[in-house]
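Chain residues, written in single-letter form:
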Amino acid sequence: MKTFEVDNALLQKGWGADGQYWFSLNDYSVKEHSAFAHYDRPHEMTEEAFMLTLGFIPYFRVQRIELAKAYVATVSNRKLQEALAKIDDEHYIEAFWKYFNAYPEVFAGYEDFQNAYLLQKAERWCTDNNIAYKIV
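Residues numbered from 1 in each chain as written. Predicted model: local features only at pLDDT ≥ 70, side-chain atom pairs only at ≥ 80, totals over all residues. Heavy atoms only, no water.

**Q** Can you walk me through the pattern of salt bridges in this structure?
**A** Side-chain pairs of opposite charge can arise where the charged atoms are in close proximity. One pass over the full model with this rule turns up four salt bridges. As a salt-bridge pair, Glu-66 and Lys-121 come within 2.7 Å of each other at their nearest N and O atoms. Residue Glu-66 is found in helix α3 (residues 64-72), and its partner Lys-121 is found in helix α6 (residues 110-128); the two are separated by 55 residues along the sequence. Here Glu-94 ties to Lys-98 by a salt bridge, and the two come within 3.4 Å at their closest N and O atoms. Of this pair, Glu-94 and Lys-98 both sit in helix α5 (residues 89-102), four residues apart, roughly one helical turn. Of the residues examined, Glu-94 reaches a relative accessible area of 48% and is grouped as partly exposed. According to the relative accessible area criterion, Lys-98 is exposed, its value standing at 54%. (Salt bridge = Lys/Arg side-chain N within 4 Å of Asp/Glu carboxyl O. Helix = DSSP H or I, 4+ residues; strand = E, 2+ residues; numbered from the N terminus. Buried < 20%, exposed > 50% of the residue type's maximum accessible area, 1.4 Å probe, protein only.)

**Q** Would you mind going over the sheet that holds strand β3 (residues 30-32) with me for this structure?
**A** Working definition: the strands of a sheet are paired by backbone hydrogen bonds and lie parallel or antiparallel to each other. Strand order in the open sheet made by the three strands is β3-β2-β4, with antiparallel pairing throughout. Unpaired on one side and paired on the other, β3 and β4 (56-58) mark the two borders of the sheet. For this sheet, the mean inter-axis angle between neighbouring strands, taken without regard to orientation, is 40°. For strand β2 (residues 21-24) and β4, the ladder comprises three bridges, and the chain directions are antiparallel. Residue pairing in the sheet places Ser-24 in a bridge with Phe-56 of β4. (Pairing = 2+ DSSP bridges. Axes fitted to C-alpha atoms, helices over the stretch in contact; angles between N-to-C directions.)

Have a look at this one:
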């Protein structure tokens, strides 16, 4: 039975752009999209459908706004939560970092939260795609 060995470098690829990384169902490796530049995709096929024919599925991805909103939901500062709730998605990250720099005590656990969130997202992706994995 194959096992996907998830290390820190593979976790960090979860920060990639949409469609940047693909997971091989054949050898359980992660490849960057540029590795497929020489393939000719039929025009009638979506990229995801074409990649599936090659044995690849999209690798998990964490969006910065997703992480920021998840973190804000965990802080006990109601004023901060209410202030950021009023910000539209287009300006959310900028506002988040302004508050991050202005109130370091509120964001003291952010790095640990970020690492745990990335790991949780990877584990959920593996489970959702029936991929046996272990964290190394």
